[in-house]
Amino acid sequence: MKRTMIVAGILLLGAGAVMAQQEIAVQQDNLMRSQAKSLYTVIQKMTKGEIPYNQKAVDEALTNLEADVAKIAKTFEVNPKQDVVDARYGASQKVWQNKADFDSKIPPVQKAIANVKGKVKDLASLKVAYSSINDRCTDCHETYRVKLK
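Residues numbered from 1 in each chain as written. Predicted model: local features only at pLDDT ≥ 70, side-chain atom pairs only at ≥ 80, totals over all residues. Heavy atoms only, no water.

Colleague: An account of the pattern of salt bridges is requested, with residue identities and associated values reported.
Modeller: If you walk through the whole model with that rule in mind, you get seven salt bridges. When the shortest N-O distance is used, the salt bridge between Lys71 and Asp68 registers 3.8 Å. For Lys71, a relative accessible area of 42% gives the class partly exposed. The exposure class assigned to Asp68 is buried, which follows from its relative accessible area of 7%. (Salt bridge = Lys/Arg side-chain N within 4 Å of Asp/Glu carboxyl O. Buried < 20%, exposed > 50% of the residue type's maximum accessible area, 1.4 Å probe, protein only.)

This is how it looks when you write it as structure tokens:
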């Protein structure tokens, strides 16, 4: 009976640890998805003419990007050592192998957003803003994002 209780306790602890790791991975994935929504679902689609230009939506997307990018270092402090189930992209283990370099990619994105925020007034300036921000995002994605599917 005592052995059964010990084994059950160990299994519960193990399951709890796995669930905690998955929760961290989900938080990281959700943060990246939120940024993708702002940059690609709103801004990029406007630059391509897939959705009409909307100043309010642009301003909101830039504000959301600014807030989300500020959360990257903290959200990626812990290595969940697993990916989100059925995710298309995930974080490379290089994030935690070279955390200082990973973190150094954040300020240029923040600067790119700050440089365009409040200055986007039409489609032409939105295209310039998109390129500027996306180029800085890509700097990090080339090294620290992996395609899972």
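From this point on, the discussion continues.
Colleague: Any chance you could break down the side chain of Thr47 for me, citing the residues and the numbers?
Modeller: Inspection of the secondary structure puts Thr47 in helix H1 (residues 2–47). Of the residues examined, Thr47 reaches a relative accessible area of 13% and is grouped as buried. Polar side-chain contacts of Thr47 include one of 2.7 Å to the backbone oxygen of Gln44. In contact with Thr47, not counting residues within four places along its chain, are Leu123, Leu126, Lys127 and Tyr130. (Helix = DSSP H or I, 4+ residues; strand = E, 2+ residues; numbered from the N terminus. Polar contact = N/O pair within 3.5 Å; in protein donor to acceptor, adjacent residues only side chain to side chain. Contact = heavy atoms within 4.5 Å.)

Colleague: Now, about the packing of aromatic side chains: what can you tell me, with residues and values included?
Modeller: Using the criterion set out here, one finds four aromatic pairs in the structure. Relative to Phe102, the ring of Phe76 has its centre 5.5 Å away and its plane inclined at 55°; by these criteria the two rings are tilted. Residue Phe76 is located in the loop between helix H3 (72–75) and strand S1 (89–91), and its partner Phe102 is located in helix H5 (residues 99–104); the two are separated by 26 residues in the primary sequence. Where Phe102 meets Tyr144, the ring centres are 5.4 Å apart and the plane angle is 85°; that geometry is what we call edge-to-face. Here Phe102 is found in helix H5, whereas its partner Tyr144 is found in helix H7 (residues 123–144), with 42 residues between them in sequence. (Phe/Tyr/Trp six-rings, centres within 6.5 Å; stacked < 30°, edge-to-face > 60°.)

Colleague: Quick rundown of the environment of Leu148? Include the residues and the values.
Modeller: Tracing the backbone shows Leu148 in the segment after strand S2 (145–147). By relative accessible area, which is 33% here, Leu148 ends up partly exposed. Spatially, the C-alpha atoms of Leu148 and Val84 are 9.8 Å apart, while their sequence positions differ by 64 residues. Ignoring any residue separated from it by four or fewer positions in sequence, one finds Leu148 in contact with Asp83, Ala87, Arg88, Tyr89 and Gly90.

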